[in-house]
Each structure stands twice: as C-alpha cells, then as structure tokens.
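# Notes for the structure review
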Amino acid sequence: MIKIKINYSSNTPLFIQIAQAIEDDIISGIYKEDEMIISTTQLSKLLSINPTTAVKAVGLLNEENILYKKRGVGMFVSKGALEIIIEKRKNEFFNKKVKEFLDEAFKIGLNTNQIIEILRKESENRK
C-alpha cells in the first residue's frame, strides 16, 4: 500500500510531494516494473485533495518516463524506472544539497580536511 505523507505547510507543491512519494514506493519495491499504481481517483480520495493535483503528480512521472499509461486501464511503472529515479535523485543531491552543504561549511570556516572528518564520523555513526 502506498505510504504518502503530505506536508501541507511545506514550500514543496503537493503534486511534487505526491510524485516523490510514488517514487519512494518504487524505490522501496512496493511498486515493481509493469505494475499498476494507485489511480488518481484513489489518490485524490485517500489524500482529500483535488483530483487535478493527483493527475498533475502522475503526469509528471509519466513525462519523466517513470510511469506509462495503458489506455483505459491505468498507469504502470516503466521498465528502468528505478534507475531513472535513482539517477535523478543523485543529480539533485549533488547539485543542490552537497553544494549548499559545502557553501555553508566554507562560510563558517571549515576546511576540506575538517569537512571530510565530519563526514567520516557521521558515516561511522550510521553503521
């Protein structure tokens, strides 16, 4: 079952949050290649949102070749969707979060060795 948590106070638009939640379900294996996903009608009822918002979320994933449509049936997970999502998220991570992290680290006076040590310690704490 899809696990969508919507943060209505977030700056991230609802349709993006929904698309990311569907991506998360693909990553976690809830949806596999060629499996039908929850319908936009079910999404809108489940989340008490405007059906147009659900359609926009699913449409975004279709545009990114993560989902494909079977006319009259529904939306399905595309072959290679997992790889597309992971590559997209890696790019977003490196191009946004890593750069923001480094900008802030240098701004507060950390040098490269200190940053590496911080990352090493944090990584060890997560094992």
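This one's a predicted model, so the numbers in the text were calculated from it and none came from an experiment. (Residues numbered from 1 in each chain as written. Predicted model: local features only at pLDDT ≥ 70, side-chain atom pairs only at ≥ 80, totals over all residues. Heavy atoms only, no water.)

## Quick notes on helix α1 (residues 14-27)
When the terminal C-alpha atoms of α1 are compared, their 20 Å separation across 14 residues agrees well with the 20 Å that a helix rising 1.5 Å per residue should span. Elements that come into contact with the buried residues of α1 comprise α2 (40-47), α3 (51-63), β1 (67-70), β2 (74-77) and α4 (81-107). Positive phi appears at G29, one or two residues downstream of α1, with a value of about 90 degrees. (Helix = DSSP H or I, 4+ residues; strand = E, 2+ residues; numbered from the N terminus. Expected span 1.5 Å × (residues − 1). Contact = heavy atoms within 4.5 Å.)

## Looking at the layout of surface pockets
Here the largest pocket is characterised by a volume of approximately 200 Å³. Q20, R89, E92, F93, K96 and K97 together form the lining of the largest pocket. With 5 residues, the top contributor of residues to the lining of the largest pocket is α4. Broken down by class, the residue content of the lining of the largest pocket amounts to 1 nonpolar, 1 polar and 4 charged. (1 Å grid on protein atoms, 1.4 Å probe; cavity = no way out; pocket = protein on both sides within 12 Å on 5 of 7 lines; lining within 4 Å. Points joined across faces, edges and corners; volume = space filled by probe spheres on them. Nonpolar A, V, L, I, M, F, W, Y, C, P; charged D, E, K, R; others polar.)

## With respect to unusual backbone geometry
Unlike most non-glycine residues, S48 shows phi in positive territory, near 55 degrees. Its place among the elements puts S48 in the loop between α2 and α3. For S48, a relative accessible area of 66% gives the class exposed. We note that N65 has phi near 65 degrees; this positive angle belongs to a residue other than glycine. Note that N65 resides in the loop between α3 and β1. (Buried < 20%, exposed > 50% of the residue type's maximum accessible area, 1.4 Å probe, protein only.)

## Quick look at the pattern of salt bridges
The full count for this structure, using the stated rule, is 9 salt bridges. Between E117 and R120 there is a salt bridge whose closest N-O contact spans 3.1 Å. Taken as a pair, E117 and R120 lie in helix α5 (residues 112-125) at a separation of 3 residues, close to a single helical turn. A relative accessible area of 43% means that R120 is categorised as partly exposed. E122 is the salt-bridge partner of R126, the closest N and O atoms lying 3.1 Å from each other. In this structure, a network of salt bridges that share partners links the residues E23, D24, E64, K88 and R89. (Salt bridge = Lys/Arg side-chain N within 4 Å of Asp/Glu carboxyl O.)

## With respect to the nonpolar core
Ranked by internal contacts, the top residues of the largest apolar core, which has 25 residues, are I18, I22, I26, I37, L43 and L67. For this core, the secondary-structure elements that each account for two or more residues are α1, α2, α3, β2 and α4. At 6 residues, the largest contribution of residues to this core is made by α1. Other than its neighbours up to four places away in sequence, L67 contacts I26, I37, V58, L61, N62, M75, F76, V77 and S78. (Core = buried A, V, L, I, M, F, W, Y, C linked by side-chain atoms within 4.5 Å.)

## Notes on the packing of α1 against α3
Axis separation between α1 and α3 bottoms out at 8 Å; the angle between their running directions is 55 degrees. Taken as axis vectors, α1 and α3 run oblique relative to one another. For the crossing formed where α1 meets α3, the hand is right-handed. Counting all contacts with α1, which are made through L14, F15, I16, I18, A19, I22 and E23, the residues of α3 involved are T53, K56, A57, V58, L60 and L61. (Axes fitted to C-alpha atoms, helices over the stretch in contact; angles between N-to-C directions. Parallel < 35°, antiparallel > 145°, perpendicular 65-115°, else oblique. Left-handed = near helix turned anticlockwise from the far one by under 90°.)

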